[in-house]
Amino acid sequence: MNQKNEKWDELLEETCGLTSPGMVKSLLSVKECESLLALISKANGNFAKANKPFNGLKIFKNRLQDNSQNERFVIDPPRENESLTSWSKRFFQGEAFGLIMNSLEDYENGLVEEMASHVAPLLEKRGMPWAGLSTLFFMGDYGYTPFGVHRDSPGEDGILFHLGPATKIFYIWETEDYNKLTNHAPTYQNVEEILHAATPYVLEPGDAISFPDDRYHVANTEEFSVSLVLDYRRGAKKTIKEMLITEMLKVNLQNDGLLAHRDESDLLKALDFQKESEAAVTRLKLRLGSNGGFDKKSRIIPFTIDLAETYKLKAPFRLNVISQQENLLLVFSRGHEIYTSKNPLLLEVIDCLNSGKNLHVSSLNIEFTPDSPGMTVFEFLIKIGETDVIEKV
């Protein structure tokens with residue numbers, strides 16, 4: 001068993017399977033922290049390029065949210081290869097600040113790739129959450145969390161990876177104690193009044209802490225630091241139903257004829273509701289699984305195939321396949337749906353990539369004639385390449 005597996009086992013034991021708070025030391029190495037910091041900086045730059053300054057970004061100065069900073073951020077984000085430390089000094093000119101960005105997976109495929117690898121042992125041990133994984137990050141030297149003591153959204157269990165460089169202190173309250181002290185306040189700003197009832201956790205770079213959605217918490221970050229939070233989204237029942245309905249509407253698309261009048265006792269049977277709802281569950285599982293458990297699809301990238309090169313699938317992703325008809329396949333690639341004609345060569349290529357082997361494109365002897373097996377494979381490789389799931393060896 002490798003060290004990463006052991007660390008996840010330790011955290012799962014400490015937290016009774018993520019159902020209670022707990023932390024583990026050095027889940028990430030120094031090198032892994034540095035890599036994630038660089039990817040977060042890159043995600044910030046991509047956020048700015050999207051030019052939607054209020055899409056999940058919150059910036060605080062002197063503990064007050066300052067929306068004017070969002071537009072400044074879009075104009076002057078971290079530059080290419082600029083560290084978050086250097087950028088923050090340049091942008092905030094020594095003023096205390098806090099910056100929070102949601103859904104980082106929308107802005108940087110590499111961040112999802114790296115996080116998916118880090119949490120793969122967790123998903124193997126505990127299973128994939130049906131609402132998928134998501135990420136956000138906190139950065140700054142803001143002292144206590146600007147919006148005070150709070151709890152996360154129902155069904156979203158948090159795992160915070162502290163990336164440093166400074167130390168962070170994380171405080172968690174028993175729900176009953178918090179409610180007694182605050183008269184059930186949804187958030188609480190006078191942190192130090194109730195700090196005596198909290199359990200403190202001192203986080204150094206590389207440490208991780210897990211806290212379930214019903215636990216009130218706050219962090220104290222006196223010196224500049226960055227923390228990345230993974231939301232393990234069990235989801236509310238309504239959320240999962242909505243996701244399954246979306247998948248269900250894509251099942252058996254070709255069978256969309258008019259419905260004859262049916263009695264209510266026979267309606268669900270006539271709609272194949274049971275069969276198609278089960279197929280929707282399979283679709284959702286395979287879609288999430290193709291993207292390392294993350295709900296958001298990867299960003300589409302420009303891609304051309306080099307016939308002289310060798311490619312492999314990026315770990316820990318998979319190409320998940322559903323047979324649609326006799327000659328049609330649906331392949332999930334990093335959350336995207338790719339429909340393609342089925343042939344033995346294509347199945348061989350998918351098996352090769354999913355097994356972790358290298359794919360030597362020149363060995364496929366691709367014939368560039370319309371509708372040939374080789375042409376189907378060539379077009380398929382371009383489509384999955386655009387989802388950022390393969391790389392040159």
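How each quantity is defined
Residues numbered from 1 in each chain as written. Predicted model: local features only at pLDDT ≥ 70, side-chain atom pairs only at ≥ 80, totals over all residues. Heavy atoms only, no water. Helix = DSSP H or I, 4+ residues; strand = E, 2+ residues; numbered from the N terminus. Buried < 20%, exposed > 50% of the residue type's maximum accessible area, 1.4 Å probe, protein only. Lys, Arg positive; Asp, Glu negative; His and termini not counted. Salt bridge = Lys/Arg side-chain N within 4 Å of Asp/Glu carboxyl O. Polar contact = N/O pair within 3.5 Å; in protein donor to acceptor, adjacent residues only side chain to side chain. Contact = heavy atoms within 4.5 Å. Expected span 1.5 Å × (residues − 1). Pairing = 2+ DSSP bridges. Axes fitted to C-alpha atoms, helices over the stretch in contact; angles between N-to-C directions.

**Q** So, the side chain of K168: which residues are in play, and what are the values?
**A** Positionally, K168 belongs in strand 8 (residues 168–172). One buried charged residue, K168, forms no salt bridge at all, with the nearest opposite charge on D141 at 11 Å. A polar contact of 3.4 Å, which involves the side chain of K168, links it to the side chain of Y142. Within the structure, K168 has its side chain in polar contact with the side chain of T221 (distance 2.8 Å). Not counting chain neighbours up to four residues away, the residues in contact with K168 comprise Y142, H162, Y201, V202, L203, A219, N220, T221 and S227.

**Q** A description of helix 12 (residues 373–386) should follow, citing residues and the corresponding values.
**A** Its 14 residues give helix 12 an end-to-end C-alpha distance of 20 Å, which sits within 8% of 20 Å, the value for a rise of 1.5 Å per residue. Buried residues of helix 12: G374, T376, V377, F378, F380, L381, I384 and G385, and no others. Those residues of helix 12 that are buried lie in contact with strand 14 (319–325), strand 15 (328–333), strand 16 (336–341), helix 11 (344–354), strand 17 (359–360) and strand 18 (390–392). Directly beyond the C-terminal end of helix 12, a positive phi value near 70° is found at D388.

**Q** Pulling in residues and values, what's your account of the environment of L27?
**A** Structurally, L27 can be placed in the loop between strand 1 (22–24) and helix 2 (30–50). In this structure, the C-alpha to C-alpha distance between L27 and Q3, residues 24 residues apart in sequence, is 8.5 Å. If sequence neighbours within four positions are ignored, L27 has contacts with K4, K7, W8, E32, F161, G206 and A208.

**Q** An account of the sheet that holds strand 17 is needed here, citing residue identities and associated values.
**A** Strand order in the open sheet formed by 3 strands is 17-13-18, with antiparallel pairing between adjacent strands. Single-partner strands in this sheet number two, and they are strand 17 and strand 18. Here strand 13 (residues 310–313) pairs with strand 18 via 3 bridges, running antiparallel. Bridge pairing links L313 to I390 in strand 18. Sitting on the sheet, helix 11 touches strand 13, strand 17 and strand 18, and the angle it makes with strand 13 is about 70°.

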